[in-house]
Amino acid sequence: MSNGARHGLGVLIGLVVTPVIALCLMYSTTKFTDYFRYFFTRGGEDRWIGAALVVVAAVLVGLAAGSRVSPLASLIPGAAYTAVGLLWLASPRFAVEHSGRDLLGRQLYQGYTTLAPYGILLLLGVALLVASLAPSRWKARTAAGPRYGGPPPAPMGPPPMHGGQAPMGAPQPPPAPGQSPSWHGAPQYGQQPAQQPSSNPPPLPPARHAEESRSEPPAGSGRSDDDDSPGEWTQMYGGNRPS
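(A) Molecular detail of the overall build of the protein chain. When its secondary structure is counted, the protein chain shows nine helices and zero strands. Along the chain direction, N to C, the helices and strands of the protein chain fall in the order α-α-α-α-α-α-α-α-α. Looking at the protein chain as a whole, 22% of its 243 residues qualify as buried. In the protein chain, of all internal contacts separated by at least 6 residues, the share reaching a separation of at least 24 is 69%. Per element, the accessible surface of the protein chain, about 18700 Å² overall, is 63% carbon and sulfur.

(B) Expanded view of helix H5 (residues 101-115). Relative to the 21 Å expected for 15 residues at 1.5 Å per residue, H5 spans just 14 Å between its end C-alpha atoms, considerably shorter than the ideal helical length. Taken as a whole, H5 has its buried residues at Leu108, Tyr109, Gln110, Gly111, Tyr112 and Leu115.

(C) View of a nonpolar patch on the surface. Nonpolar side chains collect at one region of the surface, where Leu9, Leu12, Val16 and Val20 lie side by side and expose about 320 Å² of accessible area between them. Within the secondary structure layout, Leu12 lies in helix H1 (residues 3-42).

(D) Highlighting the nonpolar core. Ranked by internal contacts, the top residues of the largest apolar core, which has 19 residues, are Ile21, Leu25, Met26, Tyr81, Tyr112 and Leu124. Among the elements that make up this core, the one with the highest residue count is H1 (six residues). Apart from the residues lying within four places of it in its own chain, the contact partners of Tyr81 are Val17, Thr18, Ile21, Ala22, Leu121, Leu122, Leu124, Gly125 and Leu128.

(E) Just helix H3 (residues 72-90), in detail. For H3, built from 19 residues, the straight-helix expectation of 27 Å at 1.5 Å per residue is met to within 8% by its first-to-last C-alpha distance of 26 Å. Where H3 is concerned, the buried positions are Leu72, Ala73, Ser74, Pro77, Gly78, Tyr81, Thr82, Gly85 and Trp88.

(F) How the structure looks around the packing of H3 against helix H6 (residues 120-131). Running from N to C, H3 and H6 cross one another at 145°; their axes reach a closest spacing of 7 Å. When the axes of H3 and H6 are compared, the crossing they make is left-handed. Note on element contacts: H6 touches H3 through Leu121, Leu122, Leu124, Gly125, Val126, Leu128, Leu129 and Ala131, opposite Ser74, Leu75, Pro77, Gly78, Ala79, Tyr81, Thr82, Val84, Gly85, Leu86 and Leu89. Its residues assigned to classes, the contact of H3 with H6 comprises 14 nonpolar, five polar and no charged.

(G) Spotlight on the side chain of Arg6. Of note, Arg6 is situated in helix H1. We classify Arg6 as buried; its relative accessible area is 10%. Only 3.0 Å separates the side chain of Arg6 from the backbone oxygen of Lys139, close enough to count as a polar contact.

(H) The packing of aromatic side chains, seen in detail. According to the stated counting rule, one finds two aromatic pairs in the structure shown. The interplanar angle of 65° and the centroid separation of 4.9 Å between the aromatic rings of Tyr35 and Phe36 together place this pair among those described as edge-to-face. A relative accessible area of 16% places Tyr35 in the buried class. By relative accessible area, which is 58% here, Phe36 ends up exposed. Both rings, one in Trp88 and one in Tyr112, keep their centres 5.8 Å apart while their planes meet at 70°; by these two values the pair is edge-to-face. With a gap of 24 residues between them, Trp88 in helix H3 and Tyr112 in helix H5 connect regions that are remote in the sequence. Overall, the relative accessible area of 9% leaves Trp88 in the buried class. Assessed through its relative accessible area of 12%, Tyr112 is described here as buried.

Conventions used here
Residues numbered from 1 in each chain as written. Predicted model: local features only at pLDDT ≥ 70, side-chain atom pairs only at ≥ 80, totals over all residues. Heavy atoms only, no water. Helix = DSSP H or I, 4+ residues; strand = E, 2+ residues; numbered from the N terminus. Buried < 20%, exposed > 50% of the residue type's maximum accessible area, 1.4 Å probe, protein only. Contact = heavy atoms within 4.5 Å. Areas by Shrake-Rupley, 256 points an atom, 1.4 Å probe, with all protein chains shown as cover. Expected span 1.5 Å × (residues − 1). Patch = residues over 30% accessible without salt bridge, like charges linked within 9 Å, V, L, I, M, F, W, Y side chains within 5 Å. Salt bridge = Lys/Arg side-chain N within 4 Å of Asp/Glu carboxyl O. Core = buried A, V, L, I, M, F, W, Y, C linked by side-chain atoms within 4.5 Å. Axes fitted to C-alpha atoms, helices over the stretch in contact; angles between N-to-C directions. Left-handed = near helix turned anticlockwise from the far one by under 90°. Nonpolar A, V, L, I, M, F, W, Y, C, P; charged D, E, K, R; others polar. Polar contact = N/O pair within 3.5 Å; in protein donor to acceptor, adjacent residues only side chain to side chain. Phe/Tyr/Trp six-rings, centres within 6.5 Å; stacked < 30°, edge-to-face > 60°.

See the structure below:
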């Protein structure tokens, strides 16, 4: 709804509720007066009628002063009631002589002459005028755009120190010129980190020299014992001499 249409609807509401609220208050005041004056002889039926009319008037006042309705809905009845209340304060004789007794009738006239001289209409009118002065009620309401996602999560952990890394979930600061971002070198979540090289030395190859020495026969093993030369004792004292 445009702002002009909203204010036009507010004018219509103000013109309707102004006499309705006044009639409810005046007639309920007369019923309450008759009840407290003749409750010993007439009973208490008038008080329920008066209470129902007061509730209707209060609901209409609350709707007119609501923030969703144009301020003109409360400005029109507020100005009317304030003018009547000031008239009774400024010129009570003129107000009594021109109170409209023949126009209102006994039921409404009695309630009117009870409310107006005691400032009830002035109180109600000023309250409605104050409710109409809120700047937010005069501005046009713009439709809020759809919200597709919730707010970002709060950062986890304590606030970072100066020059330190921001906690998880917080916006990362832009890298300095000529420096790669910090997330390029860090492993991503869900991936296996690269295995670190072991500090132990590689295993030594098997000793092939010992195996070769065991597999090959020793040199000279094919000669017989007769080919050995005699020892020194044999040469000196005799013995087996080579033929």
